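What the coordinates show
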Amino acid sequence: MIRADELLDAARRAVRAASGEALARAVGERSLTARMARSVPTQATDVQRVRVEVLCVHDGHTGLAVASRLDDGALAAAARRAHDVAAAAAHAGPGDYPGLPSPAVPRGHDGFDAATAALEPRQAGEAIRAALEAADGAGVELAGTWTAGAVTEAIATSRGLEATDAATDAQFRAVAGPLGGFRGYAARTAVAAGSIDVAAVAREALGKASDGGSPPQPIDPLGGASAAELTVVLGPDAVAELLNLLGAMAFDGRAWAEGRSALSARLGQRVAAPGVSLSDSVRFPGTLPRAFDAEGVPKTPIPLIQDGVAHRVVHDVRSAAWAGADQASTGHATAPGGAVAGPGPRNLVLGGGGADDEAELIAPVERGLYVTRLWYLNPVRAKQTLVTGVTREGTFLIEDGRIAGPALDVRFTDSILRVLSVTEALTRRPRLVGTTQFYGPRFAYGVVCPAVRARGFRVTAASS
């Protein structure tokens, strides 16, 4: 694992090579991944890499270039490319980037676990073996992914900011069941790999897959109509998928400033049920915290929806400038200079409610669905937070206040904010759900949320 002081030295050298107004962000990663399919280990990776992003600012325009080595030649080449891009853009006239933020001291966090950072490849194999031993004799196949990593980051700017940060994360996802049959899913994410009981997660997935051997039942709630509404109990994994997508649709400060956000002209209005309070809380217990964003702005808690009322959106430096003179970055840049997609919350926390557990959520439901997770979610109309997707790997029929058996999956098309507006109850204890797919450089994030019960979940197609 590359040390923080080495990365900070590289960031300093990159800023010096750039001259003028510049920022350099150096990131080192060490990660392990092991996969299994059909109850057989299939792949293992051990990744060690470094990345230095160099941002140059020229007359309100930005140029960004990347180096994959820490030597002076690589850093100077990246700085030169970034400078040339920014200078070329400036020929068109002044740009809209207001300049690098003033230096501020970020706070520390508890998102680093030394044991996870020191992982050896054999530990990935041991995790897969523990999962397979839990599945031995269950009569179903197990697939899944175990991954853990450590990311160290350093940032330096021409305005005098120098800061470092380190974070670890671990995740295990398991899918159990025969191909073409009813499958179960379970997953856990944490700062420390040692806090994930791999065997317990595997058993949870197995339990949902077997369910006493009951075959899945088809559901035909449509009755010839184009859509039907059912009471639904969504497990934390399903809730997290909805909230993760909502983050981009509703709380992106760039989209809000341009009138494209679901909350444009709606701040201060009720958008969810009174029991719904959603925040971006980087220091909430159980999150995957970071000290600062990609522009070096310290991360602080931001209330987004309070007691059902839309309260704030998140900004990077550029989107804050677009939003008005009274706005400032909230520490949510996902790339130096601002990503094309805009800023986004990466530590969403949905506060818990009064229900002890999911059984209490299910008890009042005469007929409905329990959904473990959602899959292949896609926006239909982003400004209305209308999305479509399917239930997957753990859908159960609820009858007379209890789980009546497994059900075939259904497609739904519904507004995320509408689902939150008809949310009736939430479990008391939220948990972290990892929503990272780990494509490209490692940056783990997730949603802390409880299970919820909502009425009128809009099912638009039934499986057969």
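Residues numbered from 1 in each chain as written. Predicted model: local features only at pLDDT ≥ 70, side-chain atom pairs only at ≥ 80, totals over all residues. Heavy atoms only, no water.

**Looking at helix α6 (residues 236–250)**
The terminal C-alpha atoms of α6 lie 20 Å apart, and with 15 residues this matches the ideal 21 Å at 1.5 Å per residue to within 8%. The buried count for α6 comes to 12 of 15 residues, which makes it a mostly enclosed element. For α6, every residue scored as buried is listed here: P236, D237, A238, V239, A240, L242, L243, L245, L246, G247, M249 and A250. (Helix = DSSP H or I, 4+ residues; strand = E, 2+ residues; numbered from the N terminus. Expected span 1.5 Å × (residues − 1). Buried < 20%, exposed > 50% of the residue type's maximum accessible area, 1.4 Å probe, protein only.)

**What to know about the environment of K299**
Relative to the elements of secondary structure, K299 occurs in the loop between β8 (278–280) and β9 (302–306). Overall, the relative accessible area of 8% leaves K299 in the buried class. Sequence separation between K299 and H332 is 33 residues; the distance between their C-alpha atoms is 7.3 Å. Dropping the residues within four chain positions of it, K299 is found in contact with V282, R283, R290, A291, F292, D293, G331, H332 and N347. Here G331 takes part through its backbone oxygen, which lies 2.7 Å from a polar atom of the side chain of K299. (Contact = heavy atoms within 4.5 Å. Polar contact = N/O pair within 3.5 Å; in protein donor to acceptor, adjacent residues only side chain to side chain.)

**Description of the packing of aromatic side chains**
Inspection of the entire model under this criterion finds five aromatic pairs. Considering the side-chain rings of F182 and F396, the 5.5 Å spacing of their centres and the 75° angle between planes classify their relative orientation as edge-to-face. Placement of F182 in the loop between β5 (162–176) and β6 (184–190) and of F396 in strand β13 (residues 386–399) is noted, with a sequence separation of 214 residues between them. Accessibility classification places F182 together with F396 in one group, the buried group. Taken together, the ring pairs in this structure connect F182, Y370 and F396 into an aromatic cluster. Sitting over the ring of Y445, R346 keeps its end group 4.6 Å from the ring centre. In this structure, R373 packs its charged tip against the face of Y185, placed 4.0 Å from the ring centre. (Phe/Tyr/Trp six-rings, centres within 6.5 Å; stacked < 30°, edge-to-face > 60°. Lys NZ or Arg CZ within 6 Å of the ring centre and 35° of its normal.)

**Quick word on the sheet that holds β8**
The strand order across the open sheet formed by six strands is β10-β9-β8-β11-β18-β17, and the pairing between neighbours is mixed. Only two strands of the sheet have a single neighbouring strand rather than two, namely β10 (309–310) and β17 (431–434). Strand contacts of α6: β8, β11 (347–350), β17 and β18 (446–449), with the helix running at about 125° to β18, the strand carrying the most contacts. (Pairing = 2+ DSSP bridges. Axes fitted to C-alpha atoms, helices over the stretch in contact; angles between N-to-C directions.)

**Observations regarding the environment of H58**
Relative to the helices and strands, H58 resides in strand β2 (residues 40–58). On the basis of relative accessible area, H58 is assigned to the partly exposed category, the value being 35%. Separated by 25 residues in the primary sequence, H58 and H83 place their C-alpha atoms 7.7 Å from one another. The contact partners of H58, leaving out residues within four places of it in the chain, are A86, A87 and A90.

**Brief notes about the pairing of strand β12 (residues 367–381)**
Examined bridge by bridge, strand β7 (residues 228–234) and β12 share four bridges and lie parallel to one another. Residue pairing in the sheet places L234 in a bridge with V371 of β12. Strand direction decides the pairing type here: β12 and β13, joined by 11 bridges, are antiparallel. If you follow R367 over to β13, its bridge partner there is E399. The antiparallel hairpin formed by β12 and β13 contains four residues in its connecting segment, where T385 sits at a positive phi of about 55°.

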